[in-house]
There are 2 protein chains.
Amino acid sequence: MTAVPLPLGFSACGVTCGVKDPSSPKKDVALFVSDRPCAAAGVFTTNLVCGAPVKVTRGRLPRSTARAILINSGNSNACTGEQGLADAEAMTAAAAGLIGCDKLDVLVASTGVIGRFLPMDRIQNGIAKAYTALAATADGLHDAALAMMTTDTVPKLSTRTIKLSGTTVRVTGVCKGAAMIAPNMATMLCAILTDADLKSDDAAACIRLAVQDSFNCISVDGHESTSDSVMLLANGAAGVGPGSPADLEAFQTALNEVAQELAMAIIQDAEGAHHFVQIDVVGCRTREEAFKIAESVANSALVKTAICGADPNWGRIVSAAGYAGVPLREEEVSLVMNGYPLYENGRPLPFDAAAVSQSLRDHREVTIGLTLSHGSAHVRYWTSDLTKEYVELNADYTT
Amino acid sequence: MTAVPLPLGFSACGVTCGVKDPSSPKKDVALFVSDRPCAAAGVFTTNLVCGAPVKVTRGRLPRSTARAILINSGNSNACTGEQGLADAEAMTAAAAGLIGCDKLDVLVASTGVIGRFLPMDRIQNGIAKAYTALAATADGLHDAALAMMTTDTVPKLSTRTIKLSGTTVRVTGVCKGAAMIAPNMATMLCAILTDADLKSDDAAACIRLAVQDSFNCISVDGHESTSDSVMLLANGAAGVGPGSPADLEAFQTALNEVAQELAMAIIQDAEGAHHFVQIDVVGCRTREEAFKIAESVANSALVKTAICGADPNWGRIVSAAGYAGVPLREEEVSLVMNGYPLYENGRPLPFDAAAVSQSLRDHREVTIGLTLSHGSAHVRYWTSDLTKEYVELNADYTT
């Protein structure tokens, strides 16, 4: 794969410490360190049952002096009470001790089995090993991406390079996807690094905007995880920041693109999926209404199984829009699937069902376009189909 | 099966007219007629994309002079525009002509493939055939239940007999379940008949209450249909009604029990299901909060696949409660599954996972008890697990 560049002033690595499996070579600790203080911001799960690292990290953001992001996979630190909070704090303290910073300047995330305490001896060992690895191979970004994976089948990285006031700035992100190992649940984690110079408030505003049109517009099964975290570190090592409105727009666009590419990679790698589904809802009164309709369609088991079966089932799509909680009349709705108009202004259109079905079988990527006649607001949303393999992966047959 | 009695003054039948398949003996027209005017009320889908019969029937209720309910299966009359409305009106007119009543006194429902116009010649023929059948066999309730089925595997009937002021009163219901034939979607239809004497406003209040704790507390896949209809006819042929508060309570209880038994029968017959899941959420501030939590758990694909796999995955259940939109802290939540305490006041309990898993494999019926420490409101909710068979049934492989 093409090497994804680390922004200036950052180092990253992924190492093995045996959290996933003491006898496995699978990497399970990722560390991202900046050689100077960073503006840092994050967006986290809104699930009220959330992991200890979410509680610890959320409380530290936004800040202007962050130095590192520490992530382990193989064992999430959720539903673990006071001990879990102490462990998350201890992880940040251990990394901070090696880096030489305040523990509050280390952000932390954990993903994997829930309801089990972290094996802190192995984790401590992993943190020490990671810090050593950083010196040996500063650019271990790919290893870091591997160390974040649970049931992901591929590491997920994305990058953009832009010019701000004539100077090159890099935005690079890695993430892991919505995937589960029993007794676990869907979790997505993402770290985005940039050498642009940002104030922490701007970092917070930028990451919130980027998440809105990326990670908040994807769904595999609608089950909101306890650990979802997206964190941004901006260390200013490039020597410039988005000073002008045009520069800010360029930076935001790059950040949005990295976030969207990673979000789409999560859906591309969704468990058991045969199809990657892009849903465009246009012509709405507000983005919120467009979002509600897209989410309702994306989360319908009937829509998702129909796509799995290459069935151009417009009725399931239109009816999912009908219960989205958005005022609408059938006559205001039209639907196009893979370029085929199926439904227009409340009436089913005659169409070649065999041809549309063949198109669904021939293309892993499916497009659904829902057009309303309410206004000009729109949203783009990504989901996967629902397959027997998904059920198999998540039914976790213990026999 | 035990014969389910028709309330006095009612006749019912189910006949074959070839809507499902011209060459099949499958019944597809059901007719329920009262020999005198009925108080009538109904509860319908809240999906804004709804079938023509829903629009027609909803507009006629509540009323005090209804005479009949006419239902066809094999072809729903949804997404069919003006023609669909005309067809639904024509169905009621045809039945009314034979019965000798105003067409407004005939309620109508259709279930089956959507987006196709009804084959009105066959339907008209079916209505005539049904009216003739009523004279031949007044008690064709079982046939009527058969004629409502789509992919249901068994007809669904329930009855209760109570005494009001010393006189026997019957409440009998039939329904079809949430099941689909592509390109169709989940639809439930229910007709409940009673010979109690009710005012139409009371009928409306009673059916609304009964639906609240039955059909509104079930979910197979969370996809709200275009045609869901529950209709109650009360013809007073028993000569008594619920005059006193105690009688009203007795009547409401009987109605609730019939509705619950039918709702549970729908889940028992849910497509591809291996498990019938009863979720009790107790200790909430309000019923609405309990309901939100139960619904969130019931609709989680991760919870449903875990149950399919006999996996006592408390994390998925607790986290589904966490994103239900109800303010809560982990420490306020406890969970019992099939009688095994798994999670208490925010902490996972040590438990014999093999034993709980074996219990899930050994019992088709699964109980989930979620206890909060907020108050005394509670709800009971029923759902099914998510299996590979569900995906297969709904993916409608066209190859």
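The rules we used
Residues numbered from 1 in each chain as written. Chains lettered and ligands numbered in written order. Predicted model: local features only at pLDDT ≥ 70, side-chain atom pairs only at ≥ 80, totals over all residues. Core = buried A, V, L, I, M, F, W, Y, C linked by C-beta atoms within 7 Å. Buried ≥ 20, exposed ≤ 12 C-beta atoms within 10 Å, placed from the backbone. Contact = placed C-beta atoms within 7 Å. Helix = DSSP H or I, 4+ residues; strand = E, 2+ residues; numbered from the N terminus. Nonpolar A, V, L, I, M, F, W, Y, C, P; charged D, E, K, R; others polar. Least-squares fit on C-alpha atoms with pLDDT ≥ 70 in both. Pairing = 2+ DSSP bridges. Axes fitted to C-alpha atoms, helices over the stretch in contact; angles between N-to-C directions. Domains from an automatic or database assignment.

1. What to know about the nonpolar core
One broad rule of soluble globular proteins: the nonpolar side chains tend to lie buried together.
Inference 1: Core analysis: the largest hydrophobic core is formed by 284 residues, its most contacted members being A:Leu31, A:Phe32, A:Ala321, B:Leu31, B:Phe32 and B:Ala321.
Inference 2: Leave out the neighbours within four places in its chain, and B:Leu31 touches B:Ala12, B:Cys13, B:Ala68, B:Leu70, B:Ala95, B:Ala130, B:Tyr131 and B:Leu134.

2. Observations concerning the interface of chain B and chain A
Inference 1: Chain B puts 53 residues into the contact, and the matching count from chain A is 53 residues.
Inference 2: Those elements that place two or more of their residues in the side of chain B that touches chain A are helix H8 (301–308), helix H9 (314–322), strand S13 (347–348) and helix H11 (388–395) of chain B.
Inference 3: In terms of residue count, the dominant contributor to the side of chain B that touches chain A is H9(B) (7 residues).
Inference 4: Split by residue class, the side of chain B that touches chain A holds 24 nonpolar, 20 polar and 9 charged.

3. Some thoughts on the relation of the copies chain B and chain A
Inference 1: Mapping chain B onto chain A calls for a screw motion: a turn of 180 degrees about the axis and a shift of 0.0 Å along it, with 0.0 Å RMSD after fitting. These values place the two chain copies in the arrangement generated by a two-fold rotation axis. Relative to the rotation axis, the closest C-alpha in chain B is found at B:Lys388, a distance of 2.4 Å.
Inference 2: In this assembly, 100% of the residues forming the interface of chain B have copies in chain A that are likewise at the interface, indicating an isologous arrangement.

4. Re the sheet that holds strand S14 (residues 365–372) of chain B
All names here are of chain B.
Inference 1: As summarised here, the arrangement of the 7 strands in space is S8-S15-S10-S14-S11-S12-S13, forming an open sheet in which the pairing is mixed. Either end of the sheet is taken by a strand with one partner, and the two such strands are strand S8 (218–219) and S13.
Inference 2: In the sheet, strand S10 (residues 276–284) pairs with strand S15 (residues 377–384) via 7 bridges, with the strands oriented antiparallel. Looking across to S15, one finds that Asp280 is bridged to Arg380.

5. Description of the sheet that holds strand S14 (residues 365–372) of chain A
All names here are of chain A.
Inference 1: Here we have 7 strands laid out as an open sheet, ordered S8-S15-S10-S14-S11-S12-S13, and mixed in their pairing. Edge positions in the open sheet fall to strand S8 (218–219) and strand S13 (347–348), since each of these has one partner strand only.
Inference 2: Set on the sheet, helix H6 (residues 245–268) makes contact with S8, strand S10 (276–284) and strand S15 (377–384); between it and S15 the angle comes to about 40 degrees.

6. With respect to the pairing of strand S5 (residues 156–164) of chain B
All names here are of chain B.
Inference 1: Looking at chain direction, S5 and strand S6 (residues 167–176) are connected through 9 bridges and run antiparallel. Across the sheet, Ile162 pairs through a bridge with Val169, a residue of S6.
Inference 2: Here S5 folds back onto S6 in antiparallel fashion, the turn holding 2 residues, of which Ser165 has a positive phi close to 50 degrees.

7. Here's the deal with unusual backbone geometry
Inference 1: Along the chain, A:Leu61 connects to A:Pro62 via a cis peptide bond; the corresponding omega equals -5 degrees.
Inference 2: Locating A:Pro62 in the fold gives a position in the loop between helix H1 (52–58) and strand S3 (63–75).
Inference 3: Even without glycine at this site, B:Ser165 takes up a positive phi of about 50 degrees.
Inference 4: As for its placement among the helices and strands, B:Ser165 is situated in the loop between S5 and S6.
Inference 5: Not every positive phi belongs to a glycine, and B:Ala310 is a case in point at roughly 55 degrees.
Inference 6: Along the polypeptide, B:Ala310 turns up in the loop between H8 and H9.

8. A word on H9(B)
All names here are of chain B.
Inference 1: Burial analysis of H9 places 9 of its 9 residues in the buried class, which makes it a mostly covered element.
Inference 2: Of all the residues in H9, the buried ones are Trp314, Gly315, Arg316, Ile317, Val318, Ser319, Ala320, Ala321 and Gly322.
Inference 3: Packed against the buried residues of H9 are helix H7 (287–298), H8, strand S11 (333–337), strand S12 (340–344), S13 and S14.

9. Focus on the environment of B:Ala210
Residue and element names in this part refer to chain B.
Inference 1: Among the structural elements, Ala210 can be located in helix H5 (residues 200–212).
Inference 2: A count of 29 C-beta atoms within 10 Å places Ala210 in the buried class.
Inference 3: Separated by 135 residues in sequence, Ala210 and Asn345 place their C-alpha atoms 33 Å apart.
Inference 4: If we ignore the near neighbours within four places in the chain, the residues touching Ala210 are Leu255, Asn256 and Ala259.

10. Section: the domain arrangement of chain A
All names here are of chain A.
Inference 1: The assigned domain composition of chain A is domain 1 (10–268) and domain 2 (276–395).
Inference 2: One C-alpha centre belongs to domain 1, the other to domain 2; they are set 32 Å apart.
Inference 3: Taken residue by residue, the interface counts 10 residues in domain 1 and 11 residues in domain 2.
Inference 4: Mapped by element, the contributors of at least two residues to the side of domain 1 that touches domain 2 are S8 and H6.
Inference 5: Looking at the side of domain 1 that touches domain 2, the element that brings in the most residues is H6, giving 4 residues.
Inference 6: Residue composition of the side of domain 1 that touches domain 2, grouped by class: 7 nonpolar, 3 polar and no charged.

11. Focus on the pairing of strand S2 (residues 29–44) of chain B
Residue and element names in this part refer to chain B.
Inference 1: Most of S2 is tucked away, with 13 of its 16 residues classed as buried.
Inference 2: Note that strand S1 (residues 10–15) and S2 share 6 bridges and pair antiparallel. Across the sheet, Ser11 pairs through a bridge with Val33, a residue of S2.
Inference 3: Note that S2 and strand S3 (residues 63–75) share 7 bridges and pair antiparallel. Along S3, the bridge assignment pairs Ala40 with Arg63.

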